[in-house]
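Okay, here's what each chain looks like letter by letter:
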Amino acid sequence: MIKIAIPGSGGRMGGMLIRAIATAPDLELVAATDLPDSPFIGRDAGEVAQIGANGVMIGSDPEALFGVADVVIDFTSPAASLHHASLAAAKGTATVIGTTGLGAEEEAALKA
């Protein structure tokens, strides 16, 4: 079982990822976050993604994602993705970044 964490869980892509994880027999959603001022903080990620409760509450601390997951899948914003990448490097957590709008400087920072 691969443990997955999703930052940006309240967004369109976050919801899509949560729904996809729920249908995969070898994947498990273990953590979810959103922006600190998000109305989804404290809500069940499955309910927010409209698949029913899954017991994973959406938090606001992205650092919490990197201690419990095997892989963090990030479709957030360029600035958030850079921050998440630095957390992933520090914790040794695999990360998939699908964020769009990255400039050359940001892409170079991710590669580093």
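For the structure, see preceding data.
Residues numbered from 1 in each chain as written. Predicted model: local features only at pLDDT ≥ 70, side-chain atom pairs only at ≥ 80, totals over all residues. Heavy atoms only, no water.

Asker: Break down the sheet that holds strand β5 (residues 94-97) for me, with residues and values.
Answerer: The five strands are arranged β3-β2-β1-β4-β5 in an open sheet whose pairing can be described as parallel. Two strands close off the open sheet at either side, each with one partner strand: β3 (58-59) and β5. Pairing analysis gives five bridges linking strand β1 (residues 2-6) to strand β2 (residues 27-33), with the strands arranged parallel. Paired with I2 across the strands is L27, a residue of β2. Set on the sheet, helix α1 (residues 12-23) makes contact with β1, β2 and β4 (71-74); between it and β1 the angle comes to about 160 degrees. (Pairing = 2+ DSSP bridges. Helix = DSSP H or I, 4+ residues; strand = E, 2+ residues; numbered from the N terminus. Contact = heavy atoms within 4.5 Å. Axes fitted to C-alpha atoms, helices over the stretch in contact; angles between N-to-C directions.)

Asker: Could you give an account of the pairing of β4, naming the residues involved and the relevant values?
Answerer: Neither face of β4 is left uncovered, since the one carrying V71 and I73 and the one carrying V72 and D74 both have all their residues buried. The sheet contact formed by β1 and β4 spans two bridges and is parallel. By the bridge assignment, I4 is partnered in β4 with V71. Between β4 and its parallel partner β5, the chain crosses via helix α4 (residues 78-91), and the hand of that crossover is right-handed. (Buried < 20%, exposed > 50% of the residue type's maximum accessible area, 1.4 Å probe, protein only. Right-handed = clockwise from strand over helix to strand, strands pointing away.)

Asker: Would you mind going over α1 in detail, with residue names and values included?
Answerer: Helix length check: α1, at twelve residues, gives a terminal C-alpha distance of 17 Å against a target of 16 Å (1.5 Å per residue), a fit within 8%. All buried positions along α1 are accounted for by G14, G15, L17, I18 and I21. Down the axis, α1 shows its buried residues gathered within 160 degrees of arc, on one side only. Relative to its buried face, α1 has exposed residues pointing more than 90 degrees away, namely R12 and T23. Check the buried side of α1 and you find it contacts β1, β2, α2 (45-48) and β4. (Expected span 1.5 Å × (residues − 1). Arc of directions from axis to C-beta.)

Asker: Run through unusual backbone geometry, naming residues and quoting values.
Answerer: The phi angle at Q50 is positive, at roughly 65 degrees, despite the residue not being glycine. With respect to the helices and strands, the residue Q50 is situated in the loop between α2 and β3.

Asker: Mind laying out the side chain of T93, listing which residues take part and the relevant values?
Answerer: Mapped onto the secondary structure, T93 falls in the loop between α4 and β5. Within the structure, T93 has its side chain in polar contact with the backbone oxygen of F66 (distance 2.9 Å). Discounting chain neighbours no more than four positions away, the residues touching T93 are F66, A69, D70, V71, V72 and A88. (Polar contact = N/O pair within 3.5 Å; in protein donor to acceptor, adjacent residues only side chain to side chain.)

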